[in-house]
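# Coordinate inspection notes
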Amino acid sequence: AQSVTQLGSHVSVSEGALVLLRCNYSSSVPPYLFWYVQYPNQGLQLLLKYTTGATLVKGINGFEAEFKKSETSFHLTKPSAHMSDAAEYFCAVIGDTGRRALTFGSGTRLQVQP
Amino acid sequence: GAGVSQTPSNKVTEKGKYVELRCDPISGHTALYWYRQSLGQGPEFLIYFQGTGAADDSGLPNDRFFAVRPEGSVSTLKIQRTERGDSAVYLCASSLSGPISYNEQFFGPGTRLTVL
């Protein structure tokens, strides 16, 4: 079975500060891991994904995430927060043989303070 | 090009009524997915189509929920005898087929269903 846990339903940072959003997963096979962002009244947008190969993946808008198998983690980071980063962020996994459906975490709402 | 579109954007209905939600995928995308997002939660998988057939319907919560994709393009999610607990945003996504690693799921803006 596949599942995702996102620690912290709300995270608040100051503009220019480091952003760290945590994601841990469980998977019965080598996982595919994703981060999606959801802006108010908009659809989900893919930020980045890990499939195979390099464990540090870079995405759009300056975000990156590192796959750590030993820790079953895929935390999302950005060195310097911008006001426009305020949104809901979802970690997701595909980790069952033959499945294509995404299993999402419950989300983390990021607030950026001026 | 056009993204995934969903109609209606909002639907208000009464308990016990029947509703249909429509999804128009990106042209050429053979895979189509339905998810449901309840308030304060992440999206939950409902059903996945490959072409015209449902390849995985393990997420449908009960037999009141049904989905079709008769021509392998537009899909309709049908909910019978709606209950207040069905209130949620229903999301549709589409992708190309082939390896997961190459084929991103593109999401529509969703249909917000409210059951009174």
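The structure this text deals with has already been given above.
The text that follows walks through the structure, step by step, so that each part is easy to find. What you see is a predicted model, and the numbers here were worked out from it, not measured in a lab.

## Let's talk about the state of the cysteines
All names here are of chain A. Overall, the coordinates contain 2 disulfides over all chains when judged by the stated rule. The disulfide bridge from Cys23 ends at Cys91, spanning 2.0 Å between sulfur atoms. Its torsion about the S-S bond being -65°, the disulfide of Cys23 and Cys91 is classed as left-handed. With Cys23 in the loop between strand E3 (19-21) and strand E4 (24-26) and Cys91 in strand E10 (residues 87-94), this residue pair connects regions lying 68 residues apart in the sequence. For the pair shown, Cys23 and Cys91 are each scored as buried.

## Some words on the packing of aromatic side chains
Applying the stated rule across the entire model yields 13 aromatic pairs over all chains. Their ring planes at 55° and their centres at 5.7 Å tell us that Tyr36(A) and Phe104(A) sit as a pair that is tilted. Here Tyr36(A), found in strand E5 (residues 32-38), pairs with Phe104(A), found in strand E11 (residues 103-104); they are 68 residues apart in sequence, far enough to count as distant. Looking at Phe104(A), the relative accessible area reads 9%, which means it is buried. Their ring planes at 80° and their centres at 5.4 Å tell us that Tyr36(A) and Phe107(B) sit as a pair that is edge-to-face. Here Tyr36(A) is found in strand E5, whereas its partner Phe107(B) is found in strand E10 (residues 106-107) on a different chain. Taken individually, Tyr36(A) and Phe107(B) each receive the classification buried, so the pair is uniform in this respect. Members of the aromatic cluster, connected to one another through ring pairs, are Phe34(A), Tyr36(A), Phe90(A), Phe104(A), Tyr33(B), Tyr35(B), Phe45(B), Tyr48(B) and Phe107(B).

## Thoughts on the nonpolar core
One recurring pattern in soluble globular proteins is that nonpolar side chains are buried together. One finds Trp35(A), Leu48(A), Phe74(A), Leu76(A) and Tyr89(A) to be the most contacted residues of the largest nonpolar core, which totals 27 residues. With 4 residues, E10(A) is the largest single contributor of residues to this core.

## A few points about the sheet that holds strand E3 (residues 19-24) of chain B
Residue and element names in this part refer to chain B. Sheet architecture is open: 4 strands sit in the order E1-E3-E8-E7, paired in antiparallel fashion. Across the chains shown, the open sheet's two edge strands, defined by having one partner strand only, are strand E1 (5-7) and strand E7 (65-68). In this sheet, neighbouring strand axes are inclined to one another by 20° on average, regardless of whether the strands run parallel or antiparallel.

The rules behind these values
Residues numbered from 1 in each chain as written. Chains lettered and ligands numbered in written order. Predicted model: local features only at pLDDT ≥ 70, side-chain atom pairs only at ≥ 80, totals over all residues. Heavy atoms only, no water. Disulfide = S-S within 2.5 Å. Helix = DSSP H or I, 4+ residues; strand = E, 2+ residues; numbered from the N terminus. Buried < 20%, exposed > 50% of the residue type's maximum accessible area, 1.4 Å probe, protein only. Phe/Tyr/Trp six-rings, centres within 6.5 Å; stacked < 30°, edge-to-face > 60°. Core = buried A, V, L, I, M, F, W, Y, C linked by side-chain atoms within 4.5 Å. Pairing = 2+ DSSP bridges. Axes fitted to C-alpha atoms, helices over the stretch in contact; angles between N-to-C directions.

Limitation: the analysis is restricted to geometry and does not speak to function.
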